[in-house]
Amino acid sequence: MLLLLCLTPLMATAMAQEADAPAVAPVGLPNVMDVRVAVTPERARLVIDLASKTEFALVSLSDPDRLAIDVRAATFTVPEPAVEVSEEGVIASYQVEQAGPERVRTTLTLSSPAQVQQAYVLEAFEDQPARLVVDIIPASAEEFAANVAKDFEASGASAPVADDSALPVADNSTPAGGSELPIATRPLVVIDPGHGGIDSGAEAPGGAKEKDIVLAFALKLQQLLMASGRFDVALTREDDTFLRLEERVALARANKADIFVSIHADSFQQPDIRGASVYTRDENATDVLDKVLADSENKSDVIAGFAMPQMAPEVVDILLDLMRREMRHQSYTLAESIVHQLEPSVALRRFPVRQADFFVLQAPDVPSVLVELGFLSNASDMANLLQGEWQDRTADALARGISSYFDSLSAPQ
Ligand code: ZN
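Worth saying up front: this structure is predicted, and the values here are computed from it rather than measured.

**A look at the side chain of glutamine 341**
Here's step 1: Looking at the element boundaries, glutamine 341 is found in helix H6 (residues 321-342).
Here's step 2: For glutamine 341, the side chain forms a polar contact with the side chain of arginine 400, separated by 2.6 Å.
Here's step 3: Those residues in contact with glutamine 341 that sit more than four places away from it in its chain are Ala397, Arg400, Gly401 and Ser404.

Encoded structure:
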């Protein structure tokens, strides 16, 4: 499930060439302003700050094992060009150097085999510079050797690198400004208890309200995830507050969430419908029940006197299409991981991984799922939802599902 947006090789022979810093910076090329590396045992992220967007290229090298990342840039002014990485992970050290008149190279020396999971350039946004972001994950020795061989072969082996126009143009997707993912040591999970404030959500015959049930559940889930020591966990609301749907989405995006999990327990006119299910977004889903649920969820804002939510303009931007497809895929993987853990201990609907057009799942850069814990309109589900033991067991299964999703991301391909 790796997304290789632009793993394009450099000329391997370029590595042997002497650095040749230009006396005068070429016109129109950006400078590299900073280089940072964040490392965890499971993954690493390289961020290169640039005065403006530029092209880049990536290559794997052996003896010693390295990943080299070239950007087309005039020069660099990073505070620390050579850094030993103290955290335990795949990168031991990194170095920034001028590799040619229009080429600034960052070389990551690896402590164990690794590969690029994804790489993309972000536009400058407000006070943030343009950035190249490279995500790196562990690889097997065989995978790394294969990448080295492939890059070496693609270099033409003997061709001297005289012409910097040979620097491959990365055809990478360009997310909207400000959507850089975090340089975080722990993944950020955003839990979204549905409804709140003036919007009670569904209501059980006995008077129990969805907004209260899902908030209590979300707080339990947060405790479990935080206790695992693996995640940072934020809630979109921690009390009985009304939040618009797009505020929930914006909150996840602005905080650069790694996943977004919206929690609901809706009702339906047929009281025999019961069981938990996990939704990902699909605007074209046609199941009637799913459509009714999504439509009623999407009216949350109307209940509070706001207009129906609109699609954010960047969501229809064709440049984001590739990223959206990847997010859709990851969302589906997350939904499957959660259902897999729920299955042994919780009553599920038939085909529990489902698709519907939930507005709250629209973030193009955050894998998002909506968990329906059960139906307030069903007596058995209702009894479960109010029972502490059921809540604990279900929250525990959800936490395990979330963990196994992140395991699958960091597992070698
Ligand atoms: Zn709901």
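**Here's the deal with the pattern of salt bridges**
Pairing is possible between side chains that carry opposite charge, provided their charged atoms lie close to one another.
Here's step 1: Counted by the stated rule, this structure contains 21 salt bridges.
Here's step 2: Across the pair aspartate 295 and lysine 291 runs a salt bridge, and its minimum N-O distance is 3.3 Å. Residue aspartate 295 and its partner lysine 291 are located together in helix H4 (residues 288-298), separated by four residues, close to a single helical turn.
Here's step 3: Lysine 291 gets classed as partly exposed once you look at its relative accessible area, which sits at 45%.
Here's step 4: Between arginine 400 and aspartate 396 there is a salt bridge, with its nearest N and O atoms 3.2 Å apart. Residue arginine 400 and its partner aspartate 396 are both found in helix H8 (residues 388-410); the two are separated by four residues, about one turn of the helix.
Here's step 5: The exposure class assigned to arginine 400 is partly exposed, which follows from its relative accessible area of 37%.
Here's step 6: Members of the salt-bridge network, linked through shared partners, are Asp287, Asp290, Arg349 and Arg354.

**A few points about the coordination of the zinc ion**
Here's step 1: Here the zinc ion is held by the protein donor atoms His195 (NE2), Glu210 (OE), His264 (ND1), Asp266 (OD) and Glu297 (OE), which lie 2.0 to 2.7 Å from it.
Here's step 2: Spacing between the donor residues of the zinc ion along the chain follows H-x14-E-x53-H-x1-D-x30-E. Here the residue histidine 264 occupies a position in strand S12 (residues 259-264), and glutamate 297 occupies one in helix H4, the gap between them amounting to 33 residues.
Here's step 3: Overall, the relative accessible area of 4% leaves histidine 264 in the buried class.

**A word on unusual backbone geometry**
Here's step 1: The omega angle of the peptide bond from aspartate 63 to proline 64 is -10 degrees, so this bond is cis rather than trans.
Here's step 2: By the secondary structure assignment, proline 64 is in the loop between strand S3 (56-61) and strand S4 (66-72).
Here's step 3: Positive phi, normally seen in glycine, also occurs at aspartate 63, with a value near 55 degrees.
Here's step 4: Overall, the relative accessible area of 72% leaves aspartate 63 in the exposed class.
Here's step 5: Phi is positive for histidine 195, which is not a glycine, with a value near 65 degrees.
Here's step 6: Residue placement: histidine 195 occurs in the loop between strand S10 (188-193) and helix H2 (210-227).
Here's step 7: Judged by relative accessible area, histidine 195 falls into the buried class, the value being 5%.

**Here we look at the pairing of S3**
Here's step 1: The buried fraction of S3 is high, at six of six residues.
Here's step 2: Taking every second residue as pointing to the same face, both faces of S3 are buried, with Phe56, Leu58 and Ser60 on one and Ala57, Val59 and Leu61 on the other.
Here's step 3: Sheet topology places S3 next to S4; six bridges connect them, and they run antiparallel. Bridging across to S4, leucine 58 finds its partner in isoleucine 69.
Here's step 4: Hairpin connection of S3 to S4: four residues between the antiparallel strands, including aspartate 63 at a positive phi of 55 degrees.

What counts, and at which threshold
- Residues numbered from 1 in each chain as written.
- Predicted model: local features only at pLDDT ≥ 70, side-chain atom pairs only at ≥ 80, totals over all residues.
- Heavy atoms only, no water.
- Helix = DSSP H or I, 4+ residues; strand = E, 2+ residues; numbered from the N terminus.
- Polar contact = N/O pair within 3.5 Å; in protein donor to acceptor, adjacent residues only side chain to side chain.
- Contact = heavy atoms within 4.5 Å.
- Salt bridge = Lys/Arg side-chain N within 4 Å of Asp/Glu carboxyl O.
- Buried < 20%, exposed > 50% of the residue type's maximum accessible area, 1.4 Å probe, protein only.
- Donors = N, O, S within 2.8 Å, 3.2 Å for Na, K, Ca; no water.
- Pairing = 2+ DSSP bridges.

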